[in-house]
Amino acid sequence: MNEWAETAAPLTAPLPESEPAATEPDRGWMRRVVKSQQLERVQHIHTVVMTALGISGVVGSVLLSVLVRPMSGAGIATFLTFFFLVGMGLTIGYHRHFTHRSYKAVTPVRVALAVLGCMAGQGPVVFWVALHRMHHEFSDREGDPHSPNLAGTSRLQRLKGLFHGYIGWTVQHPVPNANFYARDLLTDKAVMWVNRRYYVWILLGLALPAGMGFLLTGTPYGALEGLLMGGLARMFALHNIIWWITSFAHVFGTRDYRSRDLSTNNAWLALPTLGESWHNNHHGYPTAAILTFRWWQVDISGMVIAVMEKLGLVWDVSRPTAAELEARRVR
Ligand SMILES: [Zn+2]
Ligand SMILES: [Zn+2]
């Protein structure tokens, strides 16, 4: 099993605030980050541009609907289709496969998931994985790139923390050292092939929904709707899905399993986050491929992994045993 899947494995202590982090930021911190103002600037500009693109899609869709004609069924179909596909790239691709190695997959599936994940505009796969592994290493402690719980305890400070966990972190985080956090991916030819072409996939993620809109309607107007809804507004929606997880899912909700952080489960977010809002389940057992720990916990991403397993496209799907879950359950 991958070294990171092992080290990210579940932690047993029940969360006392005084519990020391696994690794203090000052110990070996310089190996974990790349100190480069230029790289930081590039990453922050990237975030601002991708966020602006997403907002332009929402504004454009609203303007089109109000000034020209209501959004067509085809426009909505492109949104739902690409929300699902690119969302899968993030959840079962970037997150559960590439970051946590919770299952193995045939190369075409791995490449497709990496490409789809790139289309989200949240950074190339190696960067995303490195940053997320950093989150798991320091979760809710100094060094966590997007904890909402480190700004203080007054009402104002908590609000400030929530803002940081939601969007502030996207232009404040350190640059994670991929050589430290994602060495396994740096030597993975298929992943690096996708990673190097990141901006090609971003453009493809805009061109495909435009093409789908054109095919469905046979008109350039349909292509425009597809671009705005399935391309740009979809990008904004998926940014928000991730930001909900980085903020709300470490503040509000229930803690059903022991983990060394303040991660929470939020049933009301399960559908739009494609299952990722079972975030306490995830931190309790980071290598689990499917986050349905109780029968009613709907995890669409986990269902897709289970279907792909049946089809023989993925295997070695990591599932905690009932006894393992029981041992970690908060009573
Ligand atoms: Zn994770
Ligand atoms: Zn988390």
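Cut-offs used in this document
- Residues numbered from 1 in each chain as written.
- Chains lettered and ligands numbered in written order.
- Predicted model: local features only at pLDDT ≥ 70, side-chain atom pairs only at ≥ 80, totals over all residues.
- Heavy atoms only, no water.
- Helix = DSSP H or I, 4+ residues; strand = E, 2+ residues; numbered from the N terminus.
- Rg over C-alpha atoms; globule rule 2.2 N^0.38 Å.
- Buried < 20%, exposed > 50% of the residue type's maximum accessible area, 1.4 Å probe, protein only.
- Contact = heavy atoms within 4.5 Å.
- Areas by Shrake-Rupley, 256 points an atom, 1.4 Å probe, with all protein chains shown as cover.
- Donors = N, O, S within 2.8 Å, 3.2 Å for Na, K, Ca; no water.
- Tetrahedral: all angles 85-135°; square planar, octahedral: opposite > 155°, others 65-115°.
- 1 Å grid on protein atoms, 1.4 Å probe; cavity = no way out; pocket = protein on both sides within 12 Å on 5 of 7 lines; lining within 4 Å.
- Points joined across faces, edges and corners; volume = space filled by probe spheres on them.
- Nonpolar A, V, L, I, M, F, W, Y, C, P; charged D, E, K, R; others polar.
- UniProt positions renumbered as here; feature names shortened; annotations may be inferred.
- Phe/Tyr/Trp six-rings, centres within 6.5 Å; stacked < 30°, edge-to-face > 60°.
- Lys NZ or Arg CZ within 6 Å of the ring centre and 35° of its normal.
- Axes fitted to C-alpha atoms, helices over the stretch in contact; angles between N-to-C directions.
- Left-handed = near helix turned anticlockwise from the far one by under 90°.
- Expected span 1.5 Å × (residues − 1).
- Polar contact = N/O pair within 3.5 Å; in protein donor to acceptor, adjacent residues only side chain to side chain.

**Looking at the overall build of the protein**
Scanning the protein from N- to C-terminus turns up 15 helices and two strands. Its C-alpha atoms give the protein a radius of gyration of 20 Å, near enough to 20 Å, the size a compact globule of 331 residues would have. Along the first, second and third principal axes, the C-alpha atoms of the protein reach 60 × 45 × 40 Å. Buried positions account for 54% of the 331 residues belonging to the protein. The contacts in the protein between residues at least 6 apart in sequence include a share of 74% that link residues at least 24 apart. Split by element, the accessible area of the protein, about 15,000 Å² in all, is 67% carbon and sulfur.

**Focus on the coordination of the zinc ion (ligand 2)**
Protein coordination at the zinc ion (ligand 2): the donors are His135 (NE2), His250 (NE2), His279 (NE2) and His283 (NE2), at 2.0 to 2.1 Å from the metal. Seen from the zinc ion (ligand 2), its four donor atoms lie at angles of 97 to 151 degrees, and the figure they make is irregular.

**Quick notes on the layout of surface pockets**
Take a probe with the size of a water molecule and roll it over the atoms, and the empty space left behind shows itself. As a volume, the largest pocket reaches approximately 870 Å³. Forming the boundary of the largest pocket are 43 residues, of which Gln122, Gly123, Pro124, Phe127 and Trp128 lie nearest the centre. Counting only elements with at least two residues in the lining of the largest pocket, the list comes to helix H3 (37-68), helix H4 (73-99), helix H6 (125-138), helix H10 (189-196), helix H11 (198-217) and helix H12 (220-247). The class makeup of the residues in the lining of the largest pocket is 22 nonpolar, 19 polar and two charged.

**Here we look at the coordination of the zinc ion (ligand 1)**
Around the zinc ion (ligand 1), the donor atoms from the protein are His95 (NE2), His100 (NE2), His132 (NE2), His136 (NE2) and His282 (NE2), and they sit 2.0 to 2.2 Å away. Taken in sequence order, the residues that donate to the zinc ion (ligand 1) follow the motif H-x4-H-x31-H-x3-H-x145-H. You can see His95 sitting in helix H4 and its partner His132 sitting in helix H6, a full 37 residues away along the chain. You can call His95 buried: its relative accessible area is 4%. Judged by relative accessible area, which is 9%, His132 ranks as buried.

**Re the UniProt feature "transmembrane region" (unreviewed entry) in the protein**
Here, UniProt's "transmembrane region" (unreviewed entry) annotation points to residues 45-67, 74-92, 112-131, 198-216 and 236-253. In residues 198-216, the share of helix is 100% and the share of strand is 0%. The end C-alpha atoms are 28 Å apart.

**Comments concerning the packing of aromatic side chains**
On inspection of all chains with the given rule, the structure shows 11 aromatic pairs. Arranged with centres 4.8 Å apart and planes meeting at 80 degrees, the rings of Phe180 and Tyr181 form a pair that is edge-to-face. With a relative accessible area of 0%, Tyr181 lands in the buried category. Through a chain of ring-to-ring contacts, three or more aromatic side chains come together here, namely Tyr166, Trp243, Phe248 and Phe252. Lying across the ring of Tyr221, Arg69 places its NZ or CZ 4.2 Å from the centre.

**A few points about empty space enclosed by the protein**
The tally for this structure, following the rule as stated, stands at one cavity of 30 Å³ or more. In this structure, the largest cavity occupies an estimated 40 Å³ of space. Forming the boundary of the largest cavity are Phe83, Gly87, Leu90, Thr91, Leu238, Ile241, Ile242, Pro272, Thr273 and Leu274. Where the lining of the largest cavity is concerned, the elements lending two or more residues are H4 and H12. Here the lining of the largest cavity gets four residues from one element, more than from any other, and that element is H4. Partitioned by chemical class, the residues of the lining of the largest cavity number seven nonpolar, three polar and no charged.

**Considering the packing of H4 against helix H5 (residues 107-118)**
H5 packs onto H4 with a crossing angle of 115 degrees between their chain directions and a minimal axis gap of 7 Å. Like other packed secondary-structure pairs, H4 and H5 cross with a definite hand, here left-handed. For the pair formed by H4 and H5, the contact residues are Leu85, Val86, Met88, Gly89, Leu90, Ile92, Gly93, Tyr94, His97 and Phe98 on the first element and Arg110, Leu113, Ala114, Leu116, Gly117 and Cys118 on the second. Residues of the contact of H4 with H5, tallied by class, amount to 11 nonpolar, four polar and one charged.

**Some words on H11**
The terminal C-alpha atoms of H11 lie 29 Å apart, and with 20 residues this matches the ideal 28 Å at 1.5 Å per residue to within 8%. Regarding H11, the residues found buried are Tyr198, Trp201, Ile202, Gly205, Leu206, Pro209, Ala210 and Gly213. On its buried face, H11 sits against H3, H4, H5, H10 and H12. Phi for Gly218, located one or two positions after H11, is positive at around 70 degrees.

**Section: the environment of Arg101**
Relative to the helices and strands, Arg101 resides in the loop between H4 and strand S1 (104-105). Residues Arg101 and Glu225, 124 residues apart in the sequence, show an inter-C-alpha distance of 37 Å. A distance of 2.9 Å separates the side chain of Arg101 from the side chain of Asp184, its partner in a polar contact.

**Details of unusual backbone geometry**
In this structure, Asp140 takes a positive phi of about 65 degrees despite not being glycine. Assignment of secondary structure puts Asp140 in the loop between H6 and helix H7 (155-166). Overall, the relative accessible area of 10% leaves Asp140 in the buried class.

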